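# Per-entry structural report
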There are 2 protein chains.
Amino acid sequence: MAKEKKLVEAITSMEEDFAQWYTDVVKKAELIDYSSVRGCMILRPNGYAIWENIQKELDRRFKETGVENVYMPMFIPESLLQKEKDHVEGFAPEVAWVTHGGLEPLQERLCVRPTSETLFCDFYSNIVQSYRDLPKLYNQWCSVVRWEKTTRPFLRSVEFLWQEGHTIHATAEEAEERTILMLNVYADFCEQILAIPMVKGKKTDKEKFAGAKATYTIEALMHDGKALQSGTSHNFGDGFAHAFDIQYTDKDNKLQYAHQTSWGMTTRLIGAIIMVHGDDSGLVLPPRIAPTQVMIIPIAQHKEGVLEKAAELKEKLGGFRVKVDDSDKSPGWKFSEQEMRGIPIRIEIGPKDIEANQAVIVRRDTREKMVASLDDLDKTVGEVLETMQIEMLERARKHRDSHTTSASDFEDFKDAIANKPGFVKAMWCGDRACEDTIKEQTGATSRCMPFEQEHIADTCVCCGKKAKSMVYWGKAY
Amino acid sequence: MAKEKKLVEAITSMEEDFAQWYTDVVKKAELIDYSSVRGCMILRPNGYAIWENIQKELDRRFKETGVENVYMPMFIPESLLQKEKDHVEGFAPEVAWVTHGGLEPLQERLCVRPTSETLFCDFYSNIVQSYRDLPKLYNQWCSVVRWEKTTRPFLRSVEFLWQEGHTIHATAEEAEERTILMLNVYADFCEQILAIPMVKGKKTDKEKFAGAKATYTIEALMHDGKALQSGTSHNFGDGFAHAFDIQYTDKDNKLQYAHQTSWGMTTRLIGAIIMVHGDDSGLVLPPRIAPTQVMIIPIAQHKEGVLEKAAELKEKLGGFRVKVDDSDKSPGWKFSEQEMRGIPIRIEIGPKDIEANQAVIVRRDTREKMVASLDDLDKTVGEVLETMQIEMLERARKHRDSHTTSASDFEDFKDAIANKPGFVKAMWCGDRACEDTIKEQTGATSRCMPFEQEHIADTCVCCGKKAKSMVYWGKAY
């Protein structure tokens, strides 16, 4: 048994040290490895396969709304980055600069894209002439680079994978509509596929994207009570169009500035999955995103007929993503590995089971064991996966709701942030000064002004002046 | 009619100026646009959609052979790039260097990956300890950068998209087997999906990959008689393993160096599709790779029932990738656009057709028109697409074969290269000096030593010494 325990023992428990638990899971589930490049991660097959499923699901949803994929250069000339004032101020301090090509210095240095608004704008200024050319609904899947000082797997790294959607429209209304549409696509995807409930809302001016008129966000709550910004959708108005001179001729033959949006999601979502659903045995993957949904583990596999039956069951479960672990490790070790990797269902099948025409099904999240007949195993597996998906979302929602408090004065607020990990709902006057004070005194930031507003009090939780809106506050990753 | 002709008139004819024709097609079919970054291209939706289909097909084939996807950092520290002597000599002159991160100079400069052997080796040296850890069969989809001086859309650019497979094995035999296996996957894919026949063979030492023990290649012939290297598969032996100290403990508990391969295909394949199948009306896409396989063009679409019928047909053809062009352009203009974009089948449907329960089907490659009953339109479309796919491959094969000559002495050889665009088969002694002479005097390079050897003569076409193998020679992109 000593050997079997090793894998689990290697993990710190969540309650003891959540940050260490997270790092342990990331490493032991073989999602990521550190590279020789500071702050850059290697996505190993187990990690990348989750990203591939995220891509598949999101890409399909994007295309259903008319979005087309493109690919832009990874380099941005310095002069191009500088065209929009707020944008360059936000990003210039954290970009990587290419100064030499081959053996020669470049005439103008190039930054490795931290995001591609400027490239898309430059492109639009070439291809958008008439109202007939609008809208353009583009997206690209790529990696971007931000020279972060402190990094954490999936959550913050120098290079990360993401998608960035960039659209351009004739009118302000259309741009706003698209901004909200994509936020909803994100939130639905997170709830339906990742089993993570989201708070949808608008960022304050302090927290919005560099160059945006408005930034909308979806915010999730992690197991430790910290918030994670999980996706953002920006409305640029016609600010970039002015900076890049993107004008089109409207139906009345008048020149008009176009309106733009951008929206992005990243591999950080994998961090969210880990921190919302994981437990002390490792990762727990929602069935709809799990690269492997069912691991069949033969018991006493050297005995006649066991491996054959395992292969037969795999065949029978062809509608799901199924693997058989027929390696020469012990069953106990295989159980640990399957749990560590978060595979939703384990099927144990041994000589006695075969004799009784049954198998043991174990759910990863609840550890619930059930004996199932082999005759309708596919039906049972389908039902268990479906139940698990729904219950994981419900559990995450309950956790979030039980870790969300309201505060109507600053004392309550400080107490909540200090002693009740989670979201705090509180009123805000709309002044940046109060956000700064709150950050300084509690470490919490405004996560968003939710679309679903509530009336907690009449006055700002910080300054006591008349409140303008209810805000979700919290410590965040 | 003036307006309708514009799109076609904008294209130079192939016979007049092939290079200009190519550039015209790339631009007018909206596959690519130039960016503000020298040598970097923008893949527009029409171009990127072809790449997505290439990815889907290749990725599935890779995975069927056990390959898993990963993602490595885009940066390589200079010291890591320098570990393998031949490799760094081959690539250092053409990489882009990052020297600053944020506002500070880096302690060690980083190159943007031109290829990722060194990163994979570094990773393997951490995760490969025992024979149980082998093989690892990894692949990644990403972009790479090579600081090329002269660039051409798809064929040669500073940044391009590709996949790079990297595998590591216990034995030399396994590595060689994998190298050939992937070359065959490439060749089959090109023939079956892109309708491009390939010559499979081995590169001479002069032409092999920097750091490889052996490079295998697939070579295609373009319409103008120039060759295009379309995919390569390298066997590294244990050279990189020595440079990076990648050793594993074998079953007898002895330390052994591992054996490696890598293999890659790029967006250059899109250039091959254009130059093998295109014509003076634009792109011609093989049905299996075409993002849109059928364009339905309504005739007199303002008349009652026409647009409805077009939509109904689209529904009926749900098993194919179908679009309806219901824009307010004239049918003639729409025909030109569909032809320029290379969409395999056009279906014309107007009031008279509807009355007769029929539609006109036009094949893009042969321009063949046929009248088809609406009752079994899906069957007809399926058959036409299938026939077109097969005939496009046959036509490309005939073109290649009729543009392949043999030469047994140097006069014949020079005449063939100068006057008969295409491959020239000729014997070679194995000496680099003869390759250099041939290049110097004719501009042709050795494309490969084909697996299917023929006996053209006893002696080297250049020096007259005893021949070692038959080589395909040609001018190449």
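Residues numbered from 1 in each chain as written. Chains lettered and ligands numbered in written order. Predicted model: local features only at pLDDT ≥ 70, side-chain atom pairs only at ≥ 80, totals over all residues. Heavy atoms only, no water.

### Regarding the sheet that holds strand β6 (residues 104-112) of chain A
With respect to topology, 6 strands assemble into an open sheet ordered β4(A)-β6(A)-β5(A)-β5(B)-β6(B)-β4(B), the strand pairing being antiparallel. Bordering the open sheet on either side are β4 (75-77) of chain A together with β4 (75-77) of chain B, each of which pairs with just one other strand. The mean inter-strand angle of the sheet, taken between neighbouring strand axes irrespective of direction, is 45 degrees. Where strand β5 (residues 96-101) of chain B lies against strand β6 (residues 104-112) of chain B, 4 bridges are found, and the strand directions are antiparallel. When the sheet's bridge partners are listed, Val98(B) is paired in β6(B) with Leu110(B). (Pairing = 2+ DSSP bridges. Helix = DSSP H or I, 4+ residues; strand = E, 2+ residues; numbered from the N terminus. Axes fitted to C-alpha atoms, helices over the stretch in contact; angles between N-to-C directions.)

### What to know about the sheet that holds strand β15 (residues 294-298) of chain B
Strand pairing within a sheet occurs via backbone hydrogen bonds; the two strands may be parallel or antiparallel. All names here are of chain B. The strand order across the open sheet built from 5 strands is β16-β15-β17-β18-β19, with neighbouring strands paired in mixed fashion. Looking at which strands have only one partner, the edges of the open sheet turn out to be β16 (322-324) and β19 (369-373). For this sheet the average axis-to-axis angle between neighbouring strands, irrespective of direction, equals 25 degrees. Summarising the sheet, β15 and strand β17 (residues 345-349) pair through 5 bridges and their orientation is parallel. Pairing of Val294 across the sheet is with Ile345, part of β17. In this fold helix α11 (residues 331-340) packs onto β15 and β17, with an angle of close to 175 degrees to the strand it touches most, β15. Strand contacts of helix α13 (residues 377-402): β15, β17, β18 (358-363) and β19, with the helix running at about 10 degrees to β18, the strand carrying the most contacts. (Contact = heavy atoms within 4.5 Å.)

### As for the state of the cysteines
The tally for this structure, following the rule as stated, stands at 0 disulfides over all chains. With no disulfide partner, Cys40(B) has as its closest neighbouring cysteine sulfur the one in Cys111(A), 12 Å distant. Of the residues examined, Cys40(B) reaches a relative accessible area of 2% and is grouped as buried. Take Cys448(B): it sits in no disulfide, and the sulfur closest to it among the cysteines is that of Cys190(B), at 14 Å. (Disulfide = S-S within 2.5 Å. Buried < 20%, exposed > 50% of the residue type's maximum accessible area, 1.4 Å probe, protein only.)

### Structural notes on the side chain of Lys203(B)
Residues and elements named next belong to chain B. Take Lys203: it is sitting in the loop between β9 (199-202) and β10 (214-221). Reaching out from Lys203, the side chain makes a polar contact with the side chain of Glu219 at a distance of 2.8 Å. A polar side-chain atom of Lys203 sits 3.0 Å from a polar atom in the side chain of Gln229. (Polar contact = N/O pair within 3.5 Å; in protein donor to acceptor, adjacent residues only side chain to side chain.)

### Describing the pattern of salt bridges
Residues and elements named next belong to chain A. With the rule as written, the count across this model stands at 70 salt bridges over all chains. With a shortest N-O distance of 3.0 Å, Glu78 and Arg109 are connected by a salt bridge. In this pair, Glu78 sits in helix α4 (residues 78-81) while Arg109 sits in strand β6, placing the two residues 31 residues apart along the sequence. Residues Arg346 and Glu348 are paired through a salt bridge, measuring 3.0 Å at the closest nitrogen-oxygen approach. Take Arg346: its relative accessible area is 6%, and that puts it in the buried class. Judged by relative accessible area, which is 9%, Glu348 ranks as buried. A network of salt bridges, in which partner residues are shared, links Arg363, Asp365, Glu368, Glu391 and Arg395. (Salt bridge = Lys/Arg side-chain N within 4 Å of Asp/Glu carboxyl O.)

### Overview of the layout of surface pockets
The space that makes up the second largest pocket amounts to roughly 1800 Å³. Asp133(A), Lys136(A), Glu30(B), Lys329(B) and Glu337(B) are the residues nearest the centre of the second largest pocket, which is lined by 42 residues in total. Counting residues per element, the ones that place at least two in the lining of the second largest pocket are α6 (117-127) and β7 (136-145) of chain A together with α1 (2-9), α2 (18-28), β1 (32-34), α3 (45-64), β16 and α11 of chain B. Ranked by residues supplied to the lining of the second largest pocket, first place goes to α11(B) with 5 residues. (1 Å grid on protein atoms, 1.4 Å probe; cavity = no way out; pocket = protein on both sides within 12 Å on 5 of 7 lines; lining within 4 Å. Points joined across faces, edges and corners; volume = space filled by probe spheres on them.)

### As for the interface of chain A and chain B
Listed as interface residues are 52 residues of chain A and, on the opposing side, 52 residues of chain B. Interface area, chain A with chain B, both sides summed: about 4500 Å², of which 61% is carbon and sulfur. The largest share of the area that chain A buries against chain B comes from Pro45(A), Tyr71(A) and Met74(A), three residues that together contribute 14% of it. Inspection of the region where chain A meets chain B yields 4 salt bridges. The interface formed by chain A and chain B includes 23 residue pairs in polar contact (both at pLDDT 80 or more). (Buried area = accessible area lost by both parts, 1.4 Å probe.)

### Looking at the UniProt feature "domain: Aminoacyl-transfer RNA synthetases class-II family profile" (unreviewed entry) in chain A
According to UniProt, the feature "domain: Aminoacyl-transfer RNA synthetases class-II family profile" (unreviewed entry) maps to residues 17-286 of chain A in the numbering used here. Taken end to end, residues 17-286 of chain A is 33% helix and 31% strand, and its two terminal C-alpha atoms sit 24 Å from one another. (UniProt positions renumbered as here; feature names shortened; annotations may be inferred.)

### Observations regarding the relation of the copies chain A and chain B
Relative to chain B, chain A is turned by 180 degrees and slid 0.0 Å along the rotation axis, the superposed coordinates differing by an RMSD of 0.0 Å. Such values leave the two copies arranged in the relation of a two-fold axis. By C-alpha distance to the rotation axis, the residue of chain A lying nearest is Val98(A), at 2.1 Å. A high fraction, 100%, of the interface residues of chain A reappear at the interface in chain B, so the copies pair face to face through one surface. (Least-squares fit on C-alpha atoms with pLDDT ≥ 70 in both.)

### Describing unusual backbone geometry
With the exception of glycine, the majority of residues adopt a negative phi angle, and the majority of peptide bonds are in the trans configuration. Between Leu134(A) and Pro135(A) the backbone carries a cis peptide bond, its omega angle lying at -5 degrees. Residue placement: Pro135(A) occurs in the loop between α6 and β7. For Ala300(B), which is not glycine, the phi torsion reads 50 degrees and is therefore positive. Here Ala300(B) is to be found in the loop between β15 and α10 (306-316). Residue classification places Ala300(B) among the partly exposed positions, given a relative accessible area of 23%.

### Comments concerning α3(B)
Quick reminder: α-helices carry 3.6 residues per turn. Residues three or four places apart thus point the same way. Residues and elements named next belong to chain B. Taking 1.5 Å per residue as the helical rise, α3 with its 20 residues ought to reach 28 Å, and the 28 Å between its terminal C-alpha atoms agrees with that figure. Of all 20 residues in α3, 16 are buried, a share of seventy percent or more. Positive backbone phi, at 95 degrees, marks Gly66, one or two positions downstream of α3. (Expected span 1.5 Å × (residues − 1).)

### Notes on the side chain of Thr115(B)
Residues and elements named next belong to chain B. Position of Thr115 among the secondary structure elements: in the loop between β6 and α6 (117-127). Here the side chain of Thr115 touches Glu117 through a polar contact of 2.6 Å, side chain to side chain. The residues touching Thr115, leaving out its near neighbours within four places in the chain, are Ile76, His87, Phe91, Val144, Arg146, Trp162, Glu164 and Phe209.

### Points about the packing of α3(B) against helix α9 (residues 268-277) of chain B
All names here are of chain B. It is the contact of α3 with α9, at a shortest axis distance of 10 Å, that shows an interaxial angle of 110 degrees. Looking at the two axes, α3 sits roughly perpendicular to α9. Mapping the contact onto sequence places Gly47, Ile50, Trp51 and Ile54 in α3 and Leu269, Ile270 and Ile273 in α9. Residues belonging to the contact of α3 with α9 are distributed by class as follows: 6 nonpolar, 1 polar and no charged. (Parallel < 35°, antiparallel > 145°, perpendicular 65-115°, else oblique. Nonpolar A, V, L, I, M, F, W, Y, C, P; charged D, E, K, R; others polar.)

### Here we look at the environment of Val26(B)
All names here are of chain B. Take Val26: it is sitting in helix α2. Along the primary structure Val26 and Ile274 are separated by 248 residues, whereas in three dimensions their C-alpha atoms are 8.2 Å apart. Dropping the residues within four chain positions of it, Val26 is found in contact with Leu31, Ile32, Pro153, Phe154 and Ile274.

### Remarks on α9(B)
Burial runs high along α9(B): 10 of the 10 residues are buried. Listing the buried residues of α9(B) in full gives Arg268(B), Leu269(B), Ile270(B), Gly271(B), Ala272(B), Ile273(B), Ile274(B), Met275(B), Val276(B) and His277(B).

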